[in-house]
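Now for the letters of each chain:
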Amino acid sequence: MMPSSPQTILIVDDNPTNLEVLFDTLTGAGFEVAVASDGESALEQVAYQKPALILLDIMMPGISGFETCRCLKENPDTQGIPVIFTTALSDPENKIRGLALGAVDYITKPFYQEEVLARIRVHFKLCNLTVSLEQQNTILRSEVEQRQKAETALRELNQELEMRIDERTSELSATLYQLQQAQVHLVQTEKMSSLGQLVAGVAHEINNPVNFIIGNLKPASGYIQDLLRLLELYQSDCPNASTEIQEFSEQIDLPFLKTDLLKIFSSMQIGAERICQIVLSLRNFSRLDEAEIKLVDLHEGMNSTLLILQHRLRLKGGYPPIQIIKDYSNLPLIECYPGPMNQVFMNLLSNALDAIEEKDKGRNLEQIKACPGRICIRTEKLQNDSVLVSISDNGVGISEEKLSKVFDPFFTTKPIGKGTGLGLSISHQIVVKKHAGKIECFSAPEGGTEFQIQIPLRQFQVLTN
Ligand SMILES: Nc1ncnc2c1ncn2[C@@H]1O[C@H](COP(=O)(O)OP(=O)(O)OP(=O)(O)O)[C@@H](O)[C@H]1O
Ligand SMILES: [Mg+2]
């Protein structure tokens, strides 16, 4: 860059008088002044030192003022210097030509000192204003830039924050899910072990006394038969018994007593055997001793569970009992955890009974008699080496919006205190997680629900026996 002296004014004129007048006027007003007597020397001077303003005569020997101005404006280094034409020519055409070439103003000769100074001052003021505008513009531009940078940084920060929130949210939901699963597991274990312990305890307590009865029934029946035989012998030996004996014999209706006594013994025998069966089923249901995978007859588990729920099948007051339809097929033994599997049957059957009870609440005796509650249990061996257990009921059914939630932990439609909403979620865990099986629920809008379980015949774990 060539050096520039802001207040230097270059006067270009071939007329020495004009030069002198302008020189005196400008230096008198405190400006620094340089002079040139033709266009060429003016261009040379400008190349050497850039003035702040040029007063340029138009009519000059050599290159004219217009030509000089064009040269100045073509050169990127000098095109910014304001040029004011000075000439005696005052016709508008020349003024327009000069202004079109890039001049900022036009002063006609003869000069009026005050006019020259006033015009020059206006141009310097304009220049200063332009400079300060440009400076402000630069400051503004850098402020805008800074703001844009800040905005970008904010946006990035925001994105990062959102990302972190997303991460955190998914971490939290994962933790919540894990917590719920853990809770389900805990409740299940708790439920299983408390119910199992209770059932096992009751079974054990009943087992001993019922064994006394069964064990003593046979000899007692033998003794009674011996006594009856002895009585017969007495009767044939002494056909003429005393009146007292005859009267008592009639009073107790001896022939009836003899036949009835035997009947009583045989029904006592049947009752005791029944108790034994129930005890066996209770133990079978709890199967606390069997925490390992076993080869199991699923029908046996189902029947034991039904037996435990027996009391809920018989409705009171002339109501028909809930029908249980067993559509069992010929199933092989299945590898599974027997206790938990019975728990699943228990949960599904209880839900079915609840659904039937719920439906019956809104029906009268006639309606219930016409279409009594019914639970259908169907089993089937499937092609893909698994078995299907289907438990369906004709209860209230599940609406479509609730259907997707039934396996969620704590989802219940039952009154507070009645349902925990964990039965199905526990069953889901047992079937899917513990046995690599499948559990599905189907329900029709007009009522009735079916739960289908699929269990693989074999588990991958090693069998313990
Ligand atoms: N067979 C069914 N018919 C109609 N609705 C059912 C049936 N089985 C389940 N449901 C619905 O699914 C919900 C969840 O069942 P789930 O067994 O998980 O919990 P619950 O029975 O309410 O409580 P609990 O923990 O005592 O079993 C029930 O409240 C009920 O609304
Ligand atoms: Mg339930």
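Naming follows an unreviewed UniProt entry, where the protein chain appears as histidine kinase of Pegethrix bostrychoides GSE-TBD4-15B. Word for word, the UniProt comment on the protein chain under Catalytic activity (unreviewed entry) is "ATP + protein L-histidine = ADP + protein N-phospho-L-histidine."

Participant: Explain the site of ligand 1 residue by residue, including any values.
Facilitator: Surrounding ligand 1, one finds 21 residues, the nearest of these being Thr412, Thr413, Lys414, Thr420 and Leu424. Between an oxygen atom of ligand 1 and a side-chain N or O atom of Lys414, the distance comes to 2.6 Å. Here an oxygen atom of ligand 1 and a backbone polar atom of Gly421 are 3.0 Å apart. Protein coverage of the free-state accessible area of ligand 1, which is 600 Å², stands at 91%. Only α9 (338-361), α12 (423-434) and β12 (449-456) provide two or more residues apiece to the shell around ligand 1. It is α9 that contributes the most residues to the shell around ligand 1, 3 residues altogether. Residue composition of the shell around ligand 1, by class: 8 nonpolar, 9 polar and 4 charged.

Participant: I'd like a description of the state of the cysteines, backed by residues and values.
Facilitator: Per the stated rule, a full pass over the model turns up 0 disulfides. Cys441 takes part in no disulfide bond, and the closest cysteine sulfur to it belongs to Cys376, at a distance of 16 Å.

Participant: Quick one: what's the story with the pattern of salt bridges, residue by residue and with numbers?
Facilitator: Tallied over the entire structure, the rule returns 19 salt bridges. With a shortest N-O distance of 2.8 Å, Glu115 and Arg119 are connected by a salt bridge. Here Glu115 and its partner Arg119 are both found in helix α5 (residues 113-237), 4 residues apart, which amounts to about one turn of the helix. According to the relative accessible area criterion, Glu115 is partly exposed, its value standing at 26%. For Asp354, the salt bridge goes to Lys418, with nearest N and O atoms at 3.5 Å. Here Asp354, found in helix α9, pairs with Lys418, found in the loop between α11 (400-403) and α12; they are 64 residues apart in sequence, far enough to count as distant.

Participant: Explain the UniProt feature "modified residue: 4-aspartylphosphate" (unreviewed entry) in the protein chain residue by residue, including any values.
Facilitator: According to UniProt, the feature "modified residue: 4-aspartylphosphate" (unreviewed entry) maps to Asp57 in the numbering used here. Take Asp57: it is sitting in strand β3 (residues 53-57). For Asp57, a relative accessible area of 2% puts it in the buried group. Apart from residues lying up to four places away in sequence, Asp57 is in contact with Val12, Asp13, Asp14, Gly65, Thr86, Thr87 and Lys109.

Participant: Can you tell me about the sheet that holds strand β9 (residues 374-381), naming the residues and giving the values?
Facilitator: Two strands in a sheet stick together by hydrogen bonds in their backbones, pointing the same way (parallel) or opposite ways (antiparallel). Spatial strand order, β7-β9-β10-β12-β11: 5 strands in an open sheet with mixed pairing. Strand pairing shows two members of the sheet lacking a second neighbour, β7 (323-327) and β11 (438-443), which therefore form its edges. For this sheet, the mean inter-axis angle between neighbouring strands, taken without regard to orientation, is 15°. In the sheet, β9 pairs with strand β10 (residues 386-393) via 7 bridges, with the strands oriented antiparallel. Paired with Thr379 across the bridge in β10 is Val389. Helix-sheet contacts for helix α8 (residues 298-308) involve β7, β9 and β10, and the interaxial angle to β10 is about 25°.

Participant: Account for the confidence of the model for the protein chain, with residues named and values stated.
Facilitator: Per-residue confidence for the protein chain gives a mean pLDDT of 88, with 94% of residues at or over 70. With pLDDT under 50 throughout, residues 1-5 is counted as low confidence; its partners more than four residues away or in other chains account for 16 contacts.

Participant: Please set out the packing of helix α2 (residues 39-48) against helix α3 (residues 65-74) residue by residue, giving values where relevant.
Facilitator: Following both chains from N to C, one finds α2 and α3 inclined at 25°, their axes separated by 9 Å at the closest point. What the angle tells us is that α2 and α3 run roughly parallel. When you trace α2 past α3, the crossing you get is right-handed. Side by side, α2 and α3 meet where Gly39, Leu43 and Val46 of the first sit next to Thr68, Cys71 and Leu72 of the second.

Participant: Quick rundown of the side chain of Gln181? Include the residues and the values.
Facilitator: Tracing the backbone shows Gln181 in helix α5. By relative accessible area, which is 18% here, Gln181 ends up buried. Among the polar contacts listed, one links the side chain of Gln181 to the side chain of Gln429, at a separation of 2.7 Å. In this structure, Gln181 is in contact with Gln429 and Lys433, ignoring residues within four places of it in sequence.

Participant: Which residues make up the domain arrangement of the protein chain, and what values go with them?
Facilitator: The assigned domain composition of the protein chain is domain 1 (8-111) and domain 2 (292-465). Centre-to-centre, using C-alpha coordinates, domain 1 lies 108 Å away from domain 2.

Participant: Account for the packing of aromatic side chains, with residues named and values stated.
Facilitator: Scanning all chains against the criterion turns up 3 aromatic pairs. Ring centres 5.5 Å apart and planes at 20° place the aromatic pair Phe31 and Phe124 in the stacked group. With Phe31 in the loop between α1 (16-28) and β2 (32-36) and Phe124 in helix α5, this residue pair connects regions lying 93 residues apart in the sequence. Judged by its relative accessible area of 10%, Phe124 is buried. When the centroid spacing of 6.2 Å and the interplanar angle of 90° are considered together, the rings of Phe407 and Phe451 count as edge-to-face. One end of the pair, Phe407, is in the loop between α11 and α12; the other, Phe451, is in strand β12, with 44 residues separating them in the sequence. Seen from the ring of Tyr337, Lys434 lies directly overhead, with NZ or CZ sitting 4.6 Å from the centre.

The rules behind the values
- Residues numbered from 1 in each chain as written.
- Chains lettered and ligands numbered in written order.
- Predicted model: local features only at pLDDT ≥ 70, side-chain atom pairs only at ≥ 80, totals over all residues.
- Heavy atoms only, no water.
- UniProt positions renumbered as here; feature names shortened; annotations may be inferred.
- Near = heavy atom within 4 Å.
- Polar contact = N/O pair within 3.5 Å; in protein donor to acceptor, adjacent residues only side chain to side chain.
- Areas by Shrake-Rupley, 256 points an atom, 1.4 Å probe, with all protein chains shown as cover.
- Helix = DSSP H or I, 4+ residues; strand = E, 2+ residues; numbered from the N terminus.
- Nonpolar A, V, L, I, M, F, W, Y, C, P; charged D, E, K, R; others polar.
- Disulfide = S-S within 2.5 Å.
- Salt bridge = Lys/Arg side-chain N within 4 Å of Asp/Glu carboxyl O.
- Buried < 20%, exposed > 50% of the residue type's maximum accessible area, 1.4 Å probe, protein only.
- Contact = heavy atoms within 4.5 Å.
- Pairing = 2+ DSSP bridges.
- Axes fitted to C-alpha atoms, helices over the stretch in contact; angles between N-to-C directions.
- pLDDT = per-residue confidence, 0-100.
- Parallel < 35°, antiparallel > 145°, perpendicular 65-115°, else oblique.
- Left-handed = near helix turned anticlockwise from the far one by under 90°.
- Domains from an automatic or database assignment.
- Phe/Tyr/Trp six-rings, centres within 6.5 Å; stacked < 30°, edge-to-face > 60°.
- Lys NZ or Arg CZ within 6 Å of the ring centre and 35° of its normal.

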